[in-house]
Amino acid sequence: MNILITGMSGLIGAAVRRQMAPRARLSALNRSAVEGVPTTRADLADLEAIRPAFDGQETVIHLAAKAGENYSWEELLQTNIVGTRNVLAAARDAGCKRVVFASSGATVAGWELEEPYKALVEGRYGEAPERWRLIRHDEAVRPRGVYGATKVWGEAFCRHVADSSPLSVLCVRIGYVNAEDRPVHPRHFAVWCSQRDIAAAIERCVDAPLGRQFDVLFANSRNQWGYRDLSHTEVVLGFVPQDAAEDHRGGRVKSGS
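Because the structure is predicted, anything quoted here is derived from the model rather than measured.

This part covers the nonpolar core. Ranked by size, the top nonpolar core spans 31 residues in total, and within it Ile61 and Ile198 carry the most contacts. Of all the elements in the fold, those that place two or more residues in this core are strand 1 (2-6), helix 1 (11-20), strand 2 (25-30), strand 5 (98-104), strand 6 (168-174), helix 7 (195-207), strand 7 (214-219) and helix 8 (231-237). Per-element accounting of this core gives the leading share, five residues, to helix 7. If we ignore the near neighbours within four places in the chain, the residues touching Ile61 are Ile3, Leu4, Ile5, Thr6, Val16, Val100, Ile202 and Val206. Leu4, Ala53, Leu167 and Val216 belong to the second-largest nonpolar core, a separate cluster that totals 25 residues.

With that settled, consider the layout of surface pockets. Gaps between atoms show up when a probe of the same size as a water molecule is rolled over them. Within this model, the largest pocket holds a volume of roughly 990 Å³. Together, 37 residues line the largest pocket, and Leu63, Ala65, Lys66, Ala67 and Tyr147 are the ones closest to its centre. Counting residues per element, the ones that place at least two in the lining of the largest pocket are helix 1, strand 2, strand 5 and helix 5 (146-164). Class assignment of the residues belonging to the lining of the largest pocket gives a composition of 18 nonpolar, eleven polar and eight charged. In this structure, the second largest pocket occupies an estimated 260 Å³ of space. Lining the second largest pocket are 17 residues, and of these Leu134, Asn220, Asn223, Arg228 and Leu230 lie nearest its centre. Here the residues of the lining of the second largest pocket are counted per class, giving eight nonpolar, six polar and three charged.

Considering all chains together, one arrives at five aromatic pairs under this definition. Ring geometry for Tyr125 and Trp225: centres 4.0 Å apart, planes at 15°, overall stacked. Of this pair, Tyr125 sits in the loop between helix 4 (117-121) and helix 5 while Trp225 sits in the loop between strand 7 and helix 8, and the two are 100 residues apart along the sequence. Side by side, Tyr125 and Trp225 carry an identical accessibility label, which is buried.

What counts and how
- Residues numbered from 1 in each chain as written.
- Predicted model: local features only at pLDDT ≥ 70, side-chain atom pairs only at ≥ 80, totals over all residues.
- Heavy atoms only, no water.
- Core = buried A, V, L, I, M, F, W, Y, C linked by side-chain atoms within 4.5 Å.
- Buried < 20%, exposed > 50% of the residue type's maximum accessible area, 1.4 Å probe, protein only.
- Helix = DSSP H or I, 4+ residues; strand = E, 2+ residues; numbered from the N terminus.
- Contact = heavy atoms within 4.5 Å.
- 1 Å grid on protein atoms, 1.4 Å probe; cavity = no way out; pocket = protein on both sides within 12 Å on 5 of 7 lines; lining within 4 Å.
- Points joined across faces, edges and corners; volume = space filled by probe spheres on them.
- Nonpolar A, V, L, I, M, F, W, Y, C, P; charged D, E, K, R; others polar.
- Phe/Tyr/Trp six-rings, centres within 6.5 Å; stacked < 30°, edge-to-face > 60°.

Here's what the structure looks like:
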């Protein structure tokens, strides 16, 4: 299988490379060279420059993005919006079969402004109920921040492309992945995703039947205090997280403690 990965030099890109390299011919679309991998070095906002990278590719894993709220509107616009449009257009025009789009849990992080989700992400577990309603993949989005809003736009554009072309597009709402590969902040215990789990989830997206033209799927680790519903991801992809946030706390935190 020929797979093109945008943003391979990033943290998640490196994890996906390790996961996919034994079974696929990988190439990269990146600003900088990726050692050991054929790389097209170009700006995602330049459609003409990136277009050749898509020739002969079966699947595109689109990871490249400006993530978080520390970027200007122009940076977010050019990379997350114009860049995503160009990646989808190039994949469609090149006859690729599938794009896996790295969306984000930021598309629904606005729920953290309300209880009980606010208590969960702040680590106030004693104030949380025994059970809480999980946020499903098909609920109305509630982005928190401009970055989250660009990912909402990305999902909408992916829906449009999937509806108007043969290209299959799966959007993965990725949890919090970090270099430490463990929770290091109270919020992480609700939204963390290990590098191993996100790489496995993306591999499952690559292997999903092409008859699934479009979908939105949450991906994070087994988080006792999480609020994002993984049941749809398990049904569609067979993805079951292998790692758990509480394993890094030195023992499970019991509800009500």
